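Chains, contacts and geometry: an overview
Spelled out, the chains give:
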Amino acid sequence: MFSRLTGLLGRADSFQYVPKDPAVDPVKLGDESIWWHTPGVSKANNSDVAILSLEIAKCSADQVDAGRNAIRRMKTLRHPSFVTYVDSIETETHLKIATEPVVPLREHLEVNKNMLAISWGIHQIAKAIEFLVKQDMTHSNICLGSIFVDSAGEWKLGGLELLQRGSDDAAMKVALPTPLKYAPPDRKSPMKKGHPWSIDMWGFGCLIWEVFNGELSRPEKLTEVSKIPKKLLAPFVKLIGANPSSRPSPTVFIEEARSNGKYLDNDFVNATFFLEEITLKSEEETNQFYSKLPGMLDGFPRSVCINKLLPQLLQAFHYGGAGSAVLGPLFKIGNFLGPEEYQEKIVPCVLKLFSSTDRVTRISLLRSLPIFIEHLSHSLVSEKIFPSIATGFTDSVPAMREESVKSMLLVVPRWELFCACVSWRS
């Protein structure tokens, strides 16, 4: 019997993920959480992951069942606003989950409390709840300890221990109750009937309060709203309404918060939306957006610019036909990069544009030369850039000839140095 039981359990050494730094202790996700978080790496290729672990001996049977439920749900739930599952294992002593590399939101906010990034994060969690509503699912555990942040600054919903589908039979229901401090009033008064989203939107309200105030100690604290942004206050108050039927759906919340002048109507959210929908935009709209974007980037979180906006700009450049219009924001974000990243991500775009026969593109590139010339090696300037520029000396368009000649003030010194180096080596 025992050998049969152990056969159903995984071997600890079969889990191919280990802590990134064994000297760093795991961090509990919150007083009410059953999980401990630690940054990890794959044994196979050293790629980054996050490891969530649960020690079975220190948990009740219901808590262990909830942990198993979280694993089962994470395996099948695929959505950009949810933490991505990588692998898991159950041994005699632990449940462990490997996920995409994320950090707890609580930890992230201690060092990065950019208000624009927070507004986008709140939108992302609202989208996650909207997805659950469409799937006839209830999360029942939305709070600060259930939210994670990836390297691009995207907020991801985790904490799936209590997640259930409306059609689940009694045998699949999780018995673990919602922590009392997050329990909505309707849990105490079952006669009050709400919507399928009512419990999760209450939890969403608790999350918003915790983002701006710190961890919630008791439900009565939700009425202390002095730290909630004024533009968010009206939608927030509706989320924590005592009547469950009055709480807005996630779709209604997003629509209200996105309306003119409201909390989610800001440069960062609008720019992110535009880039995600850029294939639906006209050329005129796209060019106008790219011309305004550099002036907005200084106010955006740098990690988000590098890890989220830059990949979207590169995608638009390489596959969306953005051409020279994307140069302004591309070079602006390029200033945030280290030397190696610049060579990897920006320089190939420069080389591709210099090979273009479009005069507008080449003139724009030549005028931008002071921004990026220092990032180009002497050999690259001499072998790739100079021959392309030289074709402009005899161009039939005066502006092309003028910009080509002007560029020599920057190009010739690097070209001469290259020639001197080659001569010395020979």
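Calculation criteria
- Residues numbered from 1 in each chain as written.
- Predicted model: local features only at pLDDT ≥ 70, side-chain atom pairs only at ≥ 80, totals over all residues.
- Heavy atoms only, no water.
- Buried < 20%, exposed > 50% of the residue type's maximum accessible area, 1.4 Å probe, protein only.
- Helix = DSSP H or I, 4+ residues; strand = E, 2+ residues; numbered from the N terminus.
- Arc of directions from axis to C-beta.
- Contact = heavy atoms within 4.5 Å.
- Disulfide = S-S within 2.5 Å.
- Phe/Tyr/Trp six-rings, centres within 6.5 Å; stacked < 30°, edge-to-face > 60°.
- Polar contact = N/O pair within 3.5 Å; in protein donor to acceptor, adjacent residues only side chain to side chain.
- Pairing = 2+ DSSP bridges.
- Axes fitted to C-alpha atoms, helices over the stretch in contact; angles between N-to-C directions.

Below, the discussion takes up helix H14 (residues 347-354). When we look at burial in H14, the residues that qualify are Val347, Cys349, Val350, Leu353 and Phe354. All buried residues of H14 fall inside an arc of 160 degrees around its axis, so they share one side. Next to the buried residues of H14 lie helix H11 (302-319), helix H12 (327-334), helix H13 (339-345), helix H15 (359-367), helix H16 (369-372) and helix H17 (378-390).

Turning next to the state of the cysteines. Applying the stated criterion across every chain yields a total of zero disulfides. Cys206 supplies the cysteine sulfur nearest to Cys143, a cysteine that is in no disulfide, at a spacing of 8.4 Å.

Once that is clear, we can look at the packing of aromatic side chains. On inspection of all chains with the given rule, the structure shows nine aromatic pairs. For the pair Phe82 and Phe131, a centre-to-centre distance of 5.9 Å together with 65 degrees between the ring planes defines the contact as edge-to-face. Residue Phe82 is located in the loop between helix H2 (61-76) and strand S5 (85-90), and its partner Phe131 is located in helix H4 (residues 115-134); the two are separated by 49 residues in the primary sequence. Phe131 matches Phe82 in its accessibility class, with the two residues each being buried. For the ring pair Phe331 and Phe372, a centre distance of 4.9 Å and an interplane angle of 25 degrees mean the geometry is stacked. Of this pair, Phe331 sits in helix H12 while Phe372 sits in helix H16, and the two are 41 residues apart along the sequence. Classification of Phe331 by relative accessible area gives buried; the value is 3%. Among the aromatic residues, those joined into a ring-pair cluster are Phe274, Phe289 and Tyr290.

A word on the side chain of Ser249. By secondary structure assignment, the location of Ser249 is in the loop between helix H7 (230-239) and helix H8 (250-258). With a relative accessible area of 12%, Ser249 lands in the buried category. Within the structure, the side chain of Ser249 is placed 3.1 Å from the backbone nitrogen of Val252, a separation counted as a polar contact. Apart from residues no more than four positions distant in its own chain, Ser249 is found in contact with Trp197 and Met201.

Read from one edge to the other, the open sheet built from three strands follows the order S7-S9-S10, with strand pairing classed as antiparallel. Each edge of the sheet is formed by a strand with only one pairing partner; in this case those strands are strand S7 (103-104) and strand S10 (155-157). Note: S7 against strand S9 (residues 147-149), two bridges, orientation antiparallel. Across the sheet, residue Val103 finds its bridge partner in S9, namely Val149. With respect to the sheet, H4 is in contact with S9 and S10, its orientation differing from that of S10 by roughly 25 degrees.

Turning our eyes to something else, we now look at the pairing of S5. Two elements, S5 and strand S6 (residues 94-99), share five bridges in a ladder whose sense is antiparallel. Counted as the bridge partner of Asp87 is Ala98 from S6. Hairpin connection from S5 to S6: three residues lie between these consecutive antiparallel strands.

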